[in-house]
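# Topology and contacts: notes
Letter by letter, the chains look like this.
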Amino acid sequence: MPASKNASKSYRPETRLVHAGTLRSDFQETSEALFLTQGYVYDTAEQCEARFSGKLPGYVYSRYSNPTLTMFEQRMAALEGAEAARATATGMAAVTTALMGLVRAGDHVVAAKALFGSCRWVIEEWLPRFGVESTLVHGADLSAWKKAVRKNTKAFFLESPTNPTLEVIDIAGVADIAHNAGAELVVDNVFATPLYQSPLKLGADCVVYSATKHIDGQGRVLGGVILGAEKFIMDNVHQVIRQTGPSLSPFNAWVLLKGLETLAVRVQRQTDTAAAVSVALHGHKKLTRLIYPGRPDHPQADIVRKQMKAGSTLVAFEVKGGKEGAFRFLNALKLVAITNNLGDAKSLITHPTTTTHQRLTPAQRAELGIGDGLLRFSAGLEHPDDVLEDLLGALDAV
Ligand SMILES: Cc1ncc(COP(=O)(O)O)c(C=O)c1O
């Protein structure tokens, strides 16, 4: 299948989101084709043998690859400025595949403490079952990363901004420490989106996404993607996906490809709404705290300026009255939906203590600044005034 004539030029991100990676069949379709097929057939047994041995290029089986997946992977790679990408069934499949591909029994991993609950479980609970030790550090403290390094440290892992307190970690600083230790840095870039932060350019070796979030952006499918240099992907990721099968469905790859076309306009609008919420709610008498990476009073505002192009589509805030106050507020909302997801066309709100970070002990949550009254708001595409009226009205109920 030939690449479309616009597929590989280095246009600006918004243009790459619409055109990069497109492969056209002989039918010359406008929209990307959905190849909903498990496998492929061959003209001869010799051709089949040559395809399997890799002597002849071409698709073999959709656990390994598929033309619709190739389009999604190439579009993501063009957006991220990565040499290679591999799609996975979920964001957690991307995180787990990247980390498990990188380490062996006897290795050690250093990660930031402030992680999405499942990522923390993989590092704290699951890797040790395979003989991989881990140390969790306060991510914003570069000296803590340095101190945690051991002779057998192979991988560093972080997300920035973090879930749910929107702490921002100095990616270039952590990458330097990792490389001096002979380790590789994997960054979960979900909260920043590929539009606002480019970890590979800041020195990271691998970037992972839950495509379930802003990339789909309309609450339909789960997906993930792993990006890095060709060598990183071939050495650590390619065989793991091929042999263990955390592969993305072609249908979901097609939905995500179409999601990418509108990513820039959606994220821009969501950021504008999140910024407006951060202004309207800041200093509100029913709140004890508000965190937004676009604000000058953000604890890492200098790093935000250094490594991010814009704030965020998310705002975190803590209502007075702990869990009871938070629940009263949530139950008074009429438009913003209570859920654990983010990055959707619909404005969403999450109570981390009882959902995404339920597994942590109260002491572990307190260490991360996750109080019982903390809420994480994800801006949608509604009219910003309707969202603001809903949030302010519900605060009256607290
Ligand atoms: C920061 C972060 N990483 C990874 C994931 C996992 O993504 P998925 O739900 O697609 O497996 C999430 C999901 O909530 C997330 O917030």
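All values derive from a computational prediction rather than experimental measurement.

## Digging into the overall build of the chain
Scanning the chain from terminus to terminus reveals 16 helices and 12 strands. In terms of C-alpha radius of gyration, the chain reaches 22 Å, essentially the compact-globule figure of 21 Å for 398 residues. In the chain, which comprises 398 residues, the proportion classed as buried is 56%. Just so you have it, the chain exposes about 16800 Å², and 54% of that area is on carbon and sulfur atoms. The distance from the centre of the 42 positive side-chain charges to the centre of the 40 negative ones in the chain is 1 Å.

## Some details on the site of the ligand
Lining the immediate environment of the ligand, one finds Thr90, Gly91, Met92, Phe116, Glu159, Asn163, Asp188, Phe191, Ser210, Thr212, Lys213 and Gly223. With respect to the ligand, the backbone of Met92 contributes an N or O atom lying 2.9 Å from an oxygen atom. Contact with the protein chains hides 91% of the accessible area of the ligand, taken as 390 Å² for the molecule alone. The residue inventory of the shell around the ligand, partitioned by class, reads three nonpolar, six polar and three charged.

## A closer look at the sheet that holds strand S1 (residues 84–88)
Taking strand neighbours across the sheet as the criterion, the seven strands line up as S1-S7-S6-S5-S4-S2-S3 in an open arrangement whose pairing is mixed. What marks the edges here is a single partner per strand, and that holds for S1 and strand S3 (133–137). Within the sheet, the average angular offset between the axes of one strand and its neighbour, ignoring direction, is 20 degrees. The sheet contact formed by strand S2 (residues 108–112) and strand S4 (residues 153–159) spans four bridges and is parallel. Note on S4: the bridge partner recorded for Ala111 is Phe157. Its contacts with the sheet place helix H3 (residues 67–80) against S1, strand S6 (206–210) and strand S7 (224–228), and it is angled at close to 130 degrees to S1.

## Let's talk about the environment of Lys213
With respect to the helices, strands and loops of the structure, Lys213 is situated in the loop between S6 and S7. The class of Lys213 is buried, set by a relative accessible area of 17%. As for Lys213 and Pro128, which are separated by 85 residues in sequence, their C-alpha atoms are 29 Å apart. If sequence neighbours within four positions are ignored, Lys213 has contacts with Val190, Asn341, Leu342 and Gly343.

## Regarding the pattern of salt bridges
A complete count under the given rule lists 14 salt bridges for this structure. With a shortest N-O distance of 2.8 Å, Glu32 and Lys258 are connected by a salt bridge. One end of the pair, Glu32, is in the loop between helix H1 (13–19) and helix H2 (45–53); the other, Lys258, is in helix H11 (residues 250–261), and 226 residues separate them in sequence. Lys231 serves as the salt-bridge partner of Asp235, at 2.5 Å between the closest nitrogen and oxygen. Of the two residues, Asp235 and Lys231 are both situated in helix H9 (residues 230–236); the distance of four residues between them amounts to about one turn of the helix. We classify Asp235 as partly exposed; its relative accessible area is 46%. Among the ionic contacts, a cluster of salt bridges with common partners joins Glu32, Arg75, Lys258 and Glu261.

## A look at the environment of Leu202
Relative to the helices and strands, Leu202 is located in the loop between helix H8 (193–196) and S6. With a relative accessible area of 22%, Leu202 lands in the partly exposed category. Between the C-alpha atoms of Leu202 and Thr37, which are 165 residues apart in sequence, the distance is 38 Å. Among residues more than four places away in sequence, those in contact with Leu202 are Ile171, Ala172, Ala175, Gln197 and Gln307.

## Considering the sheet that holds strand S12 (residues 374–378)
The five strands are arranged S8-S9-S12-S11-S10 in an open sheet whose pairing can be described as mixed. The sheet is open, and its two edges are formed by strand S8 (287–291) and strand S10 (337–338), each paired on a single side. The pairing of S8 with strand S9 (residues 314–319) spans four bridges and is classified as antiparallel. Bridge pairing links Arg289 to Glu318 in S9. Sheet contacts for helix H14 (residues 322–332): S9, S10, strand S11 (348–350) and S12; angle to S9, the most-contacted strand, approximately 125 degrees.

## Re H2
Given 3.6 residues per turn, any residue in an α-helix points the same way as the ones three and four places further on. Every buried residue of H2 is listed here: Gln47, Ala50 and Arg51. Looking straight down H2, one finds its buried side chains confined to an arc of 100 degrees; they lie on one side. Away from its buried face, by an angle of more than 90 degrees, H2 presents the exposed residues Ala45, Glu46 and Glu49. The first or second residue beyond H2 is Gly54, which carries a positive phi of 90 degrees.

Criteria and thresholds
- Residues numbered from 1 in each chain as written.
- Predicted model: local features only at pLDDT ≥ 70, side-chain atom pairs only at ≥ 80, totals over all residues.
- Heavy atoms only, no water.
- Helix = DSSP H or I, 4+ residues; strand = E, 2+ residues; numbered from the N terminus.
- Rg over C-alpha atoms; globule rule 2.2 N^0.38 Å.
- Buried < 20%, exposed > 50% of the residue type's maximum accessible area, 1.4 Å probe, protein only.
- Areas by Shrake-Rupley, 256 points an atom, 1.4 Å probe, with all protein chains shown as cover.
- Lys, Arg positive; Asp, Glu negative; His and termini not counted.
- Charge placed at Lys NZ, Arg CZ, Asp CG, Glu CD.
- Near = heavy atom within 4 Å.
- Polar contact = N/O pair within 3.5 Å; in protein donor to acceptor, adjacent residues only side chain to side chain.
- Nonpolar A, V, L, I, M, F, W, Y, C, P; charged D, E, K, R; others polar.
- Pairing = 2+ DSSP bridges.
- Axes fitted to C-alpha atoms, helices over the stretch in contact; angles between N-to-C directions.
- Contact = heavy atoms within 4.5 Å.
- Salt bridge = Lys/Arg side-chain N within 4 Å of Asp/Glu carboxyl O.
- Arc of directions from axis to C-beta.

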